[in-house]
Amino acid sequence: MSALPPAAIRCHYANNPDLRPDCRITASARIGPIPLCPSCLQRRSTLGKGQPVRPLPAGQPAVGFDPLAWLTQAHTELRTAEHRLRKECAELAMERDVLKRSVALWVREAMGR
Ligand SMILES: [Zn+2]
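Residues numbered from 1 in each chain as written. Predicted model: local features only at pLDDT ≥ 70, side-chain atom pairs only at ≥ 80, totals over all residues. Heavy atoms only, no water.

Asks: It is not clear to me how the packing of aromatic side chains should be interpreted in this structure. Could you clarify?
Replies: Two measures describe an aromatic ring pair: the distance that separates the ring centres and the angle between the ring planes. Per the counting criterion, the structure on display carries zero aromatic pairs. It is Arg-20 that lies over the ring of Tyr-13; its NZ or CZ is 4.0 Å from the centre. (Phe/Tyr/Trp six-rings, centres within 6.5 Å; stacked < 30°, edge-to-face > 60°. Lys NZ or Arg CZ within 6 Å of the ring centre and 35° of its normal.)

Asks: Help me understand the coordination of the zinc ion in this model?
Replies: A metal bound by six donors in octahedral fashion has ideal angles of 90 or 180 degrees, whereas one bound by four tetrahedral donors has an ideal angle of 109.5 degrees. Note on the zinc ion: its protein donors are Cys-11 (SG), Cys-23 (SG), Cys-37 (SG) and Cys-40 (SG). The metal-donor distances range over 2.2 to 2.4 Å. One way to put it: the four donor atoms around the zinc ion meet at angles of 100 to 117 degrees, and that makes the site tetrahedral. One chain supplies every donor for the zinc ion, spaced along it as C-x11-C-x13-C-x2-C. Of the two residues, Cys-11 sits in the segment before strand E1 (29-31) while Cys-23 sits in the segment before E1, which places them 12 residues apart along the sequence. Each member of the pair, Cys-11 together with Cys-23, is buried. (Donors = N, O, S within 2.8 Å, 3.2 Å for Na, K, Ca; no water. Tetrahedral: all angles 85-135°; square planar, octahedral: opposite > 155°, others 65-115°. Helix = DSSP H or I, 4+ residues; strand = E, 2+ residues; numbered from the N terminus. Buried < 20%, exposed > 50% of the residue type's maximum accessible area, 1.4 Å probe, protein only.)

Asks: Explain the nonpolar core to me, please; I cannot follow it from the model alone.
Replies: Counting nine residues, the largest nonpolar core consists of Cys-11, Tyr-13, Cys-23, Ala-29, Ile-31, Leu-36, Cys-37, Cys-40 and Leu-41. Apart from residues no more than four positions distant in its own chain, Leu-41 is found in contact with Ala-29, Ile-31, Leu-36 and Val-53. (Core = buried A, V, L, I, M, F, W, Y, C linked by side-chain atoms within 4.5 Å. Contact = heavy atoms within 4.5 Å.)

Asks: Please explain the side chain of Arg-44 as it appears in this structure.
Replies: Inspection of the secondary structure puts Arg-44 in the loop between helix H1 (38-42) and helix H2 (46-49). For Arg-44, which is buried and forms no salt bridge, the nearest opposite charge comes from Asp-22, at a distance of 15 Å. (Lys, Arg positive; Asp, Glu negative; His and termini not counted. Salt bridge = Lys/Arg side-chain N within 4 Å of Asp/Glu carboxyl O.)

Asks: Which parts of the structure should I look at to understand the sheet that holds strand E3 (residues 53-55)?
Replies: The strands making up a sheet associate through hydrogen bonds between their backbones, and the pairing can be parallel or antiparallel. Pairing in this open sheet of three strands is antiparallel, and the strands run E2-E1-E3 from one edge to the other. On the outer flanks of this sheet lie strand E2 (34-36) and E3, each paired with one strand and no other. Averaged over neighbouring strand pairs, the angle between their axes works out to 35 degrees when direction is ignored. (Pairing = 2+ DSSP bridges. Axes fitted to C-alpha atoms, helices over the stretch in contact; angles between N-to-C directions.)

So this is what it looks like as structure tokens:
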């Protein structure tokens, strides 16, 4: 039984097709601790351009975009955003009620009642 070649390392942006639609999934080099594919390596920011590039050994192609992990993360982010939005709506409704009462008092006072 022969040993399998080592599994390739996934690009840092492999699960982020919105940000890096050209990502090739399999990393070919590391910038510091961050593995990048050739496409993402080309697109790195000027900040990363001063850092040395360490090539990675070729291995089996990394498993592609993981839609389940991406969906799970998106679902979690959605729940967090909904929670924050509900909280903000409740706070705004309270402020609106306080302002309504203040205006009613102010109008009553202005009319001398
Ligand atoms: Zn990439």
